[in-house]
Structures are given as C-alpha cells and as structure tokens.
Amino acid sequence: AAALQRLREVFDIEELPPDVLPRKKPPQFMVDLFNKVADANGITRAPGLLQGDVVRSFEDRVHVDHHHFYFDISAMEKGEQMLKAEFRVFKLKRTHHSRRSYVQHFCKVEVYELLESENKPQKKHLIASRLLSLYAEGWEVFNVTQTVSKWVGNSSSNHGFWITTTHVSSSGMEHDVVTFAKSQGALQESRNALLVLFTNSNRRSPVKSGASGVSHDTDVMESSSASVSRRPRAAPAARSPSSPITACHQRELYVDFQAIGWSGWIIYPSGYNAFYCRGSCIFPLGESLNATNHATVQSIVYTLKLSQDVSMPCCVPDELKSLNLLYFDDKQNVVLKNYKDMVATRCGCH
C-alpha cells in the first residue's frame, strides 16, 4: 500500500480515477497529440514539442442546444499555470439547401462568451469571428485563452460559449445556415466539441531527501515508486569475493500499469521500460562507463586504499528522458501529462 501511494505521488495522481476503459473512447485529437509527442512506450520524441507539461481536454456538456457549448474545467489544479486555451468545434457539411441560390459560398461564424446563464443568451461578449465555407466540413479551432483564464480565476463566471452563423446576401440575411456537431451517441462522439487547455503544472518532485537509499535489487513496484531516476546514490550491495564483477550498465525495469491495477484509466502506454543502472565502477573506468573526472579519482583512491572512508563510485543514470501519459482523470476528462526524468537511457559512474 505504501509503495502504491508513493507511485501515485510520482505520477501526481491524488484520487485514483474510475475504470472507464475500454467502454469510453478518448477524443481523437488527444490520441493524435500523444502520438506526435511520444513513441509507443510514452517516451518523449523530442523536447519542445509540447507547450507546457499538461494538456487537458474537456468535452461539451450541452447535448441539445446547437448554439450553446459548456465545459466543466473544475479539474484544473491549484497552482497550475494556463498557457493557451483552444475551443475546437466540428463544422458539419451543409446538407439542406434553401430556396435561395447562394452566390457567395461563405457564412460568418461568431463565437461569444456567455455573460449569464444559458437562459439569457442575449448577454454575451464577442470573442472571435471568421468566414467559413458553407459546404466544407471539418474542425475549426478558436483561441479562447483570455476568456478561459478568467474562468480559471473565477469559476462562477463560466457560462460557456455561444456560436452564431449568418449568411448575408443581396436578398437578405439568413441565420443558422450551418451547424456544429454535438455528441449524439457513438455516431457523433468523435466529433464532439472540445476545450483544450495547455498548462504548466509547476509541480515539485515528490521525492524528498532524508530517506535512506533504495537498493537496486528491489522489485519493479519499489523501484518505480521510489523513482530510481531521482534516487541515484543507492550504495551497491556487498559482493562476495568469489562472485564475478560486472561493469556498470543499463538493465531493464518494466513498469506494467495492468499489474499495478491502473489499466482501466490509462489510455497510453500500457506500461514502459524505466530501466535502471547496475554494476561496479572499479578502476580502471573505461570510456563506456561515462565516468566523471571526480569518479575516476575516487575509483583510484578506493583501489589504492588511500582512505578507509572512500567507497567505490556509484553506477547511476547518466541521462534521463521524460515520460508521457494519456489518461482519464477522476472526472473522465482526458489528460496528456509529461513527467520529467522517468526513463534512464544511459548509465555512468559518478
């Protein structure tokens, strides 16, 4: 229990989300974003691909009114810094034709912030407007950072968005000429409107100094919960004189989310190889051991027994990469989160 609690702290999970997979499907946009920034194992492809370290998606909660879109953003954590907010709506292809023959194949789309409850849509503030083709179909993305920043600071001011579409021609003005997709069962679920927030979590490392080091021989649960990457200075286990000496090297350490009991809410990956470092750093230290000058001197002093207090240099992660997790939170919103220093990609003597 203590090990699992520690693991939750490493992954910044306060409340374990309910199991919703495979019944609930994540928005395709979030799946595509995960595949863009991470490989199949969740390892970051390249730094700087993601703005911030958290991407939160919220699905529209209004299923009847085609003008009104509302998103419950209460899952935002305290201290989380919002960098960008995108309102994503899917414009449906125009199927019905009015008696008028459109010379201009464009309509004006306006996005408003509702200033009062949905019963009073007349009180609203214009956020964005653009011209769209009447007959094209696809996603439209509106930058709503300023409005959502206000909602984060004062949740009671969040009454949602209101969209209007008008077509102006020589014969007059026509309203509601196009519609945007709403969640209506499985058919429209993949096209449901999204509010996507890019944020910085500003979270600190959950592992504090002062606790004793964790042995490299601990099992997967202990190693992942104590975060091998953040606790590199574990003393090597005592070795009998007859046992062979193995040089410092990288070993596999697979963290299986199904074995932990988290597979019901983690979408990708199903697990990942954290790796760990094991072996001796005895003189002479070859180039493959990526030894620092300090470690080289320490190994010489240790070998020559110039000091009784000096131990052998430690075999520790020399290079660490971040891990990306795509999961359902406890309110069934899909979150993409980046965790620093989770995978030991290289080992060395330090």
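As a reminder, the structure under discussion sits directly above these lines.
Since we're looking at a predicted model, the values are computed, not measured.

Visitor: Tell me about the side chain of Asp12, residues and numbers included.
Guide: Among the structural elements, Asp12 can be located in the loop between α1 (2-10) and α2 (28-37). Separated by 3.5 Å, the side chains of Asp12 and Lys337 make a polar contact. Every residue in contact with Asp12, bar those within four places of it in the chain, is listed here: Glu77, Arg203, Lys337 and Tyr339.

Visitor: Describe the nonpolar core, listing the residues and the values that go with them.
Guide: Generally speaking, soluble globular proteins have nonpolar side chains that are buried together. Core analysis: the largest hydrophobic core is formed by 40 residues, its most contacted members being Phe11, Phe257, Tyr272 and Leu336. Elements supplying a minimum of two residues to this core: α1, α2, β1 (54-59), β9 (194-200), α6 (257-260), β12 (266-268), β15 (315-328) and β16 (334-349). At six residues, β16 tops the list of elements feeding residues into this core. Within the second largest apolar cluster, 28 residues are counted, among which are Ala85, Val109, Ala193 and Leu197.

Visitor: Please provide a residue-by-residue account of unusual backbone geometry, values included.
Guide: The omega torsion across Leu21 and Pro22 is 0 degrees, close enough to zero to call that bond cis. For Pro22, the position within the fold is in the loop between α1 and α2. The omega angle of the peptide bond from Tyr268 to Pro269 is -10 degrees, so this bond is cis rather than trans. Within the secondary structure layout, Pro269 lies in the loop between β12 and β13 (271-273). Of note, Asp12 is a non-glycine position whose phi angle comes to about 60 degrees, a positive value. With phi around 55 degrees, Asp341 is a residue other than glycine that occupies positive phi space. With respect to the helices, strands and loops of the structure, Asp341 is situated in strand β16. Using a relative accessible area of 33% as the deciding quantity, one classes Asp341 as partly exposed.

Thresholds, definitions, all that
- Residues numbered from 1 in each chain as written.
- Predicted model: local features only at pLDDT ≥ 70, side-chain atom pairs only at ≥ 80, totals over all residues.
- Heavy atoms only, no water.
- Helix = DSSP H or I, 4+ residues; strand = E, 2+ residues; numbered from the N terminus.
- Polar contact = N/O pair within 3.5 Å; in protein donor to acceptor, adjacent residues only side chain to side chain.
- Contact = heavy atoms within 4.5 Å.
- Core = buried A, V, L, I, M, F, W, Y, C linked by side-chain atoms within 4.5 Å.
- Buried < 20%, exposed > 50% of the residue type's maximum accessible area, 1.4 Å probe, protein only.

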